[in-house]
Amino acid sequence: MSPHSRRPPGSGHERLALLAILDEQAGVTENDLDGRIIRVNARFEQLCGYGEAELLGQTFELLDSGVHNADFWEAIWQQLRAGQAWHGEICNRAKDGQLFWEDTVIAPVPGPDGQTLKYIAVRRDITPTKQAQAELQARRAELARVQHLAGVGGWTLDRGRQRLLLSDECRRLLGLPPGEDLDLNGAARLFRSADWNALRQAIREAAEHGQPFDRLLALRARNTAPRWFRAMGETDTAPGRAPQLVGALQEVTALTLAQRSAEANERTLRSAIEALDEPFALFDADEALVFCNERYRYLVGTQHGTVQPGMQYEDVVRLGMRNGGALPDTDDVEGWVQEQIALFRTRHSDQQNALRDGRWIRAINRGTADGMHVVFRIDVTESRRRIEAAGAAARSKSQFLANMSHEIRTPLNAVLGMLQLLGHTTLDAEQSDLLHKADGAARHLLGLLNDILDHSKAEAGKMTLEPLPLHLPHLLDELRVILSANIGSKPVALNLVLDPQVPHWLVADAMRLQQVLINLAGNALKFTERGEVRVEVRLVGLDDTTARLHFAVTDTGIGIAPEQREAIFAAFSQAEISTTRRFGGTGLGLSISQRLVHLMGGDLQLDSELGRGSCFHFELPLPLADAATVAGMAPRPAAAPGPSAAPGAPRLAGLRLLLAEDNALNREVARKLLGREGATVVCAEDGEQALAALDREPFDLVLMDMQMPHMDGLQATRQLRRDPRWATLPVLAMTANASAEDRNTCLAAGMNGHVGKPFNLDTLVALVLGLCGHAPLPGHRPDAPPPAWEDSAVLDDAGALARFGHDRNFYAGLLREFDPQARRLVDRLLQQGDRDAAHQLKSGAAAVGAYRLSALCAVLEAGREPSIAADDAKRLQAELDAVSRAVQGWLSTFDGAQHGAAALAPTLQALADSLHSQSLDCFDRFDALVAAHGEQLGAALDPLREAMAAFDTEAAETACRGLLFDLSQSKGLSAH
């Protein structure tokens, strides 16, 4: 064989085989000296996703991932230009945008002259390895975070070196520097000797027998309180390696101290319960007995067995019956047992039970927040006997008083009747005087009998109330008339003051309320020689259904000494005997008044200073009278709001309406409300503009204000009726004047109907639909005439919101426009005497619910003087200031609610998303939520707080999204 026929290693077929293996297993590229690709193999095409035609002639900037900076690439080129191969990891970007990692060797290929001809790179895909490393790193970081949150560190025992290998968290818990491990002797110095010896024995048993352990250790501490740790460990017998001991260390100082404190408290509590004079027992949420005192065991009895912890409540009840200790005085024993079980299962119950041995036992059951049941059993036999005896005596006394009052009333009524008949005969002056005095004495005696009868009814529990709608200003007017007769010639001023914010129509027993006020004010006049008696009613709270009113009767009379105040409300009692002799009376008035106030839901109280006067006062929650109930009983500023439209298509869809209205605010209100119902609304500012609009385009209906500049609504209607094109066009009058004369004038001018301002949306929609032929006209009752301005509200926001479909945003916009517009109109009215400004302000004020201002403007509009009187100007300015304050208060509350809701919603959403993805930043987000909105959310935050404390992310997410839902339903915080 020729020497040339021998193939050197790495040449020929072997070299081709090696290249084939490389082509199959690795990506191979060749680049020229400028870095342009001149050859690629199939494997590299698979890695990067580009085809050969796309790669040839390109530099590796095509694959640049952005992971490596310029210094990285410069270092590679420097090494290659020096004739040295480079080895490292490179991250490239594939054609589809995905990143992939390669373990890369780049080597220069020299030519015959030793100079580099090209570069060849062999690349191995290591993307799965890099991803696994990143995932591992992330899991390690997550594990470290969880360990830190839970306060748990890990350890491993190196048995060969007798060393404990510690995690970072474990070192932190023990106060060791980073990277430091412990030998067993070093660990022994950290803990108390007894604890460490027990732990070392547990480690030995675990290593020898595979027995896991869980021990409590105390860290040595010289100048500080001891710290407690829970050490857990077990043998790891994973296949493929030698068994090793692994474990965890958790600081439980707070838990240990809390447990020891709880144990001490439990011992103290058990001792206290045993010392109770009454039977006591505690049952858990499953109705099993936890513990009871000896008196409870005695009550249940011992004849057929004793009470034991763990017994069910029903078994305890039945055991007491078998033992004879708690046998009820009833034939239906089983029914009694079921009743006791039902009462026990209610959160709170308090019942007195009669036993067959004559005793009465008060059974008190209380449920705790954590589901436990607390049971008290109190022997009330003696106290019940005393109460029954006292009740019988009181009933006898009340019955006697009632009988006597009735017996005396019969002849007294006869006396009064005969005195009245006698008054119709011929009498001289002396006889008339005697008759008058006799009649007064008889009527005074009748008043005393009425007081006695009321007192007997009250003591017998037969006094009841008859709540009906009442007009509070009218009641006070009647009170003024009655009390004025009691003043006589004394220099005493009687002042009755009604807070203007108090709703006028309420529901109460008017007779009984007036009786209380007459009693209190009558006493005040009786005991006041000079000065003032003041009856004041003030609003202290108001919601959608109830007004809470404070009634006070204040005088400058003799006052009441402190030692007499306790007895002042007792029946047949006055401050002192001399008072009775001097002023008269039975002493029943205050007792009856106190009982009546209590029946009405209040508490009569007294503030007094001897020699300076007294103040009797009380608060009552009085329901607001229903609008439908009081309809027709008094004038109203607007029609009662009708029911809101059901969800669905707009009711005026497809209708084109022409609105002629000179007031900008009223135009805006009508345009937006009718537009919301689907109508197309075109606006005109007077009659001339309305007629011009009709010439330009067709409309289904015209809403025409009656009073407008240039050409009013009546003139415009008469003119359009002369044009055959509009002979049948419906015209609906809109005006604040709701008199029958105004309605007749509208109809005579050719209008088809009339609606008052401010209008009710449902009423207006029904009228528009009826006039346009889309629905029958509803039965429409004319609006009531406007009330006197003194009887109107400053700002009836509730009524206005009802008319606007409870759209707070829309109402807020109107209020913001109204205040500056109202100021301008008042300036015009006061400076120029422009009565049209009063007309516009009247209409705009009614639109936003400022009925009192609107009513005052109506008075001023009707004036004929060239200027506004000084008193009227002052009154108008004061009223406008009151409305401005009410408007600003409403807007401040509304804006605060909107801001709070706007800031809260994104915070809740971010937390919900974090909980859904189970990201650990949910704890940080929850802390931020509590810090920023904890006070705002209040108790609503409790379910979320409990779920977070239990690391229950699913329940926490549910609670969080529940808060978001509530927030969306309420549209922010309520502005009222």
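Residues numbered from 1 in each chain as written. Predicted model: local features only at pLDDT ≥ 70, side-chain atom pairs only at ≥ 80, totals over all residues. Heavy atoms only, no water.

If you look the protein chain up in an unreviewed UniProt entry, it shows as histidine kinase from Pelomonas baiyunensis. Database annotation for the protein chain, UniProt heading Catalytic activity (unreviewed entry): "ATP + protein L-histidine = ADP + protein N-phospho-L-histidine." According to its UniProt record, the protein chain has this under Subcellular location (unreviewed entry): "Cell membrane". (UniProt positions renumbered as here; feature names shortened; annotations may be inferred.)

K.L.:
Would you take a moment to explain the sheet that holds strand β6 (residues 152-158) for this structure?
P.N.:
Hydrogen bonds between backbone atoms are what pair the strands of a sheet, whose relative direction is either parallel or antiparallel. The strand order across the open sheet built from six strands is β8-β7-β6-β11-β10-β9, with neighbouring strands paired in antiparallel fashion. Edge positions in the sheet fall to β8 (182-183) and β9 (213-219), since each of these pairs with one other strand and no more. For strand β10 (residues 227-236) and strand β11 (residues 244-251), the ladder comprises eight bridges, and the chain directions are antiparallel. Of the residues in β11, the one forming a bridge with Asp236 is Gln244. Relative to the sheet, helix α8 (residues 193-209) contacts β6, β9, β10 and β11, its axis offset from that of β9 by approximately 155 degrees. (Pairing = 2+ DSSP bridges. Helix = DSSP H or I, 4+ residues; strand = E, 2+ residues; numbered from the N terminus. Contact = heavy atoms within 4.5 Å. Axes fitted to C-alpha atoms, helices over the stretch in contact; angles between N-to-C directions.)

K.L.:
Please clarify how the sheet that holds strand β5 (residues 116-125) should be interpreted in this entry.
P.N.:
Taken together, the five strands give an open sheet; going across it, the order is β2-β1-β5-β4-β3, and neighbouring strands pair in antiparallel fashion. Pairing within the sheet leaves two strands with one partner each, and these edge strands are β2 (37-40) and β3 (86-93). If you compare each strand with its neighbour and ignore which way they point, the axes differ by 30 degrees on average. Examined bridge by bridge, strand β1 (residues 27-31) and β5 share five bridges and lie antiparallel to one another. When the bridges of β5 are listed, Val28 appears paired with Val122.

K.L.:
Before we go on, may I ask you to explain helix α22 (residues 713-721) in this structure?
P.N.:
The periodicity of an α-helix, 3.6 residues per turn, causes residues three or four places apart in sequence to face the same way. Of the residues making up α22, those classed as buried are Gly713, Leu714, Ala716, Thr717 and Leu720. With its buried residues spanning 165 degrees around the axis, α22 presents them on a single face. Of the residues flanking the start of α22, the one acting as N-cap is Asp712, its side-chain oxygen 3.1 Å from the backbone nitrogen of Leu714. (Buried < 20%, exposed > 50% of the residue type's maximum accessible area, 1.4 Å probe, protein only. Arc of directions from axis to C-beta. Polar contact = N/O pair within 3.5 Å; in protein donor to acceptor, adjacent residues only side chain to side chain.)

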